[in-house]
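If you want the building blocks of each chain, they are given just below.
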Amino acid sequence: MRLSEYFLPTLKENPKEAQIASHLYMLRAGMIRQSSAGIYSWLPLGFKVLKKIEQIVREEMDRAGCQELLMPTIQPAELWQESNRYDDYGKEMLRITDRHDREMLYGPTNEEMITDIVRSSIKSYKNLPINLYHQQWKFRDEVRPRFGIMRGREFLMKDAYSFDIDAAGAKLSYNKMFVAYLRTFARMGLRAIPMQADAGPIGGDMSHEFLVLADTGESEVFCHKDILDFDIPGDDVDYRSDLQPIVDKWTSLYAATDEKADEAQHKELGDNLVTARGIEVGHIFYFGDKYSKAMGASVAGPDGKDITLEMGSYGIGVSRLVGAIIEASHDDDGIIWPEAVAPFKVGIINLRASDDASDAACEDAYAKLQNAGVEVLYDDRDERGGAKFANMDLIGLPWQMVIGPRGLKDGVIEVKNRASGEKEELSIDAALTKLIG
């Protein structure tokens, strides 16, 4: 993509409303624009990152045996009345009455709807277990939306729902999601720590939050320092095998949000205790028959008798992850994208857009990178070099190719790694080999 043709409305000044790094840089980098309080339009650069995160989530859910579907944003109130949550959920739920005076709502979550789908479609234990998920926009009417997309009213969420015939099977489903979450966040360049947490309005008996450590986190968190060095399950993880040892390892050491903090544990751990702020990026729940019993979701068991389904739900804040990644990976100059979620891998900076040699070298590198399948943003604008450097650092692409007439006379260009700041002078061919390889 040529920057001269790309819709990237960057800002030079820091917006006054931005209180945290992710909000500041998402506005300045032209990733989002506010529509109303807590509601944002996603502009091309931000949308590319959002889709990268969504795809990683999809790949890891599919790898764990989940099946993707898509449920609507607008739900009938009667389903929530069946589960007895319609009146209990509170003012965060946006309630709607259609032209026929039917009560509807903009879904903040989908336990009721997925339970209705399964109860009407699955009648035998032979069709279980099953885990269904979607990635859909949600709405919760926050009293004080703030921090940009980190605490907005409209957000993109991956929510999965497992159905089993007994508690033992439900635990196996829970463990699959526990392991899949570790892998999902690691692929985005994040170390998310699972912590015991309250179930909140979802309800349930077993619950873990996955939190990324960041100075601007909304919660105070505590953990044993050794958890930070645990190995993430690799590509060879077998989701049909017993995953309990992995879950046991990650839950063997102390880790808790402030709601579950244990002062006695803190004293006992001493210097091994890490105290920090955390950003919640995922939450998993096992809640048994909380919804299936209320809504009559059952199947015929092996003996022909009805069995009430055991359920779990598993959420990932897909749009929130964009902000969380920035909070965990930025500096004073801007964003530092992990390569897996970067909107483009390489940014080409043409230092002299009117110079024939610079133009030719940039065009050649641009074409070769594109032909090799590398996503590249080419700054071909007639702007001063300093402005181009600042802009490229702000949007945070992992690699920069700096091409100008002075270097070309010596047969070299500059390659800069955004994360380390390391710069190398290489021939164009060597640079291309490095970036394509």
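Before reading on, note that the structure itself is shown above.
Residues numbered from 1 in each chain as written. Predicted model: local features only at pLDDT ≥ 70, side-chain atom pairs only at ≥ 80, totals over all residues. Heavy atoms only, no water.

### Remarks on the side chain of Thr-109
Link 1 in the chain: With respect to the secondary-structure elements, Thr-109 resides in the loop between β6 (103–106) and α4 (111–121).
Link 2 in the chain: A distance of 2.6 Å separates the side chain of Thr-109 from the side chain of Glu-111, its partner in a polar contact. (Helix = DSSP H or I, 4+ residues; strand = E, 2+ residues; numbered from the N terminus. Polar contact = N/O pair within 3.5 Å; in protein donor to acceptor, adjacent residues only side chain to side chain.)

### Brief notes about the layout of surface pockets
Link 1 in the chain: Quantified by volume, the second largest pocket comes out at close to 340 Å³.
Link 2 in the chain: Forming the boundary of the second largest pocket are Thr-10, Leu-11, Lys-12, Arg-28, Asp-333, Arg-381, Glu-383, Arg-384, Ala-387, Ala-390, Asn-391 and Leu-394.
Link 3 in the chain: Here the lining of the second largest pocket takes 4 residues from helix α11 (residues 385–395), the largest share from any one element.
Link 4 in the chain: When grouped by side-chain class, the residues that make up the lining of the second largest pocket number 4 nonpolar, 2 polar and 6 charged. (1 Å grid on protein atoms, 1.4 Å probe; cavity = no way out; pocket = protein on both sides within 12 Å on 5 of 7 lines; lining within 4 Å. Points joined across faces, edges and corners; volume = space filled by probe spheres on them. Nonpolar A, V, L, I, M, F, W, Y, C, P; charged D, E, K, R; others polar.)

### Focus: the side chain of Glu-310
Link 1 in the chain: In this fold, Glu-310 is placed in strand β16 (residues 310–317).
Link 2 in the chain: One buried charged residue, Glu-310, remains without a salt bridge, the closest side chain of opposite sign being Lys-293 at 9.7 Å.
Link 3 in the chain: Among the polar contacts listed, one links the side chain of Glu-310 to the side chain of Tyr-286, at a separation of 2.6 Å. (Buried < 20%, exposed > 50% of the residue type's maximum accessible area, 1.4 Å probe, protein only. Lys, Arg positive; Asp, Glu negative; His and termini not counted. Salt bridge = Lys/Arg side-chain N within 4 Å of Asp/Glu carboxyl O.)

### Some words on empty space enclosed by the protein
Link 1 in the chain: Scanning the entire structure with this criterion turns up 2 cavities of 30 Å³ or more.
Link 2 in the chain: Estimates place the volume of the largest cavity at around 80 Å³.
Link 3 in the chain: What lines the largest cavity is Ile-20, Phe-147, Met-150, Arg-151, Thr-216, Gly-217, Glu-218, Ile-279 and Arg-320.
Link 4 in the chain: The residue inventory of the lining of the largest cavity, partitioned by class, reads 4 nonpolar, 2 polar and 3 charged.
Link 5 in the chain: Of the voids in this model, the second largest cavity is the one considered here, and its volume is about 60 Å³.
Link 6 in the chain: Contributing to the lining of the second largest cavity are Gly-38, Ile-39, Tyr-40, Trp-42, Trp-137, Ile-149, Gly-152, Glu-154, Phe-155 and Ser-319.
Link 7 in the chain: Those elements giving two or more residues to the lining of the second largest cavity turn out to be β2 (39–42) and β8 (154–164).
Link 8 in the chain: In terms of residues, the lining of the second largest cavity owes the most to one element, β2, which gives 3 residues.
Link 9 in the chain: Residue composition of the lining of the second largest cavity, by class: 6 nonpolar, 3 polar and 1 charged.

### A short note on the nonpolar core
Link 1 in the chain: The biggest cluster of nonpolar side chains holds 82 residues, and the ones touching the most others in it are Met-31, Ile-53, Phe-185, Phe-210, Val-281, Val-322 and Trp-337.
Link 2 in the chain: It is helix α5 (residues 167–187) that contributes the most residues to this core, 9 residues altogether.
Link 3 in the chain: Setting aside residues up to four positions removed in sequence, Val-281 forms contacts with Phe-185, Ala-192, Phe-210, Val-212, Gly-315, Ile-316, Gly-317, Leu-321 and Ala-324.
Link 4 in the chain: Counting 25 residues, the second-largest nonpolar core is a separate cluster that includes Met-71, Met-93, Ile-122 and Phe-287. (Core = buried A, V, L, I, M, F, W, Y, C linked by side-chain atoms within 4.5 Å. Contact = heavy atoms within 4.5 Å.)

### Comments concerning the sheet that holds strand β22 (residues 413–417)
Link 1 in the chain: One open sheet holds the 5 strands; their spatial order is β20-β19-β21-β22-β23, and the pairing between them is mixed. Each edge of the open sheet carries a strand with a single partner, namely β20 (376–379) and β23 (423–426). On average, each strand axis in the sheet is inclined to that of its neighbour by 20°, with strand direction left out of account.
Link 2 in the chain: As defined by bridge partners, β22 adjoins β23 across 4 bridges and the pair is classed as antiparallel. Directly across from Val-415, in β23, lies its bridge partner Glu-424.
Link 3 in the chain: Sheet strands in contact with α11 are β19 (346–350), β20, β21 (399–403) and β22, and its direction is about 170° off that of β19. (Pairing = 2+ DSSP bridges. Axes fitted to C-alpha atoms, helices over the stretch in contact; angles between N-to-C directions.)

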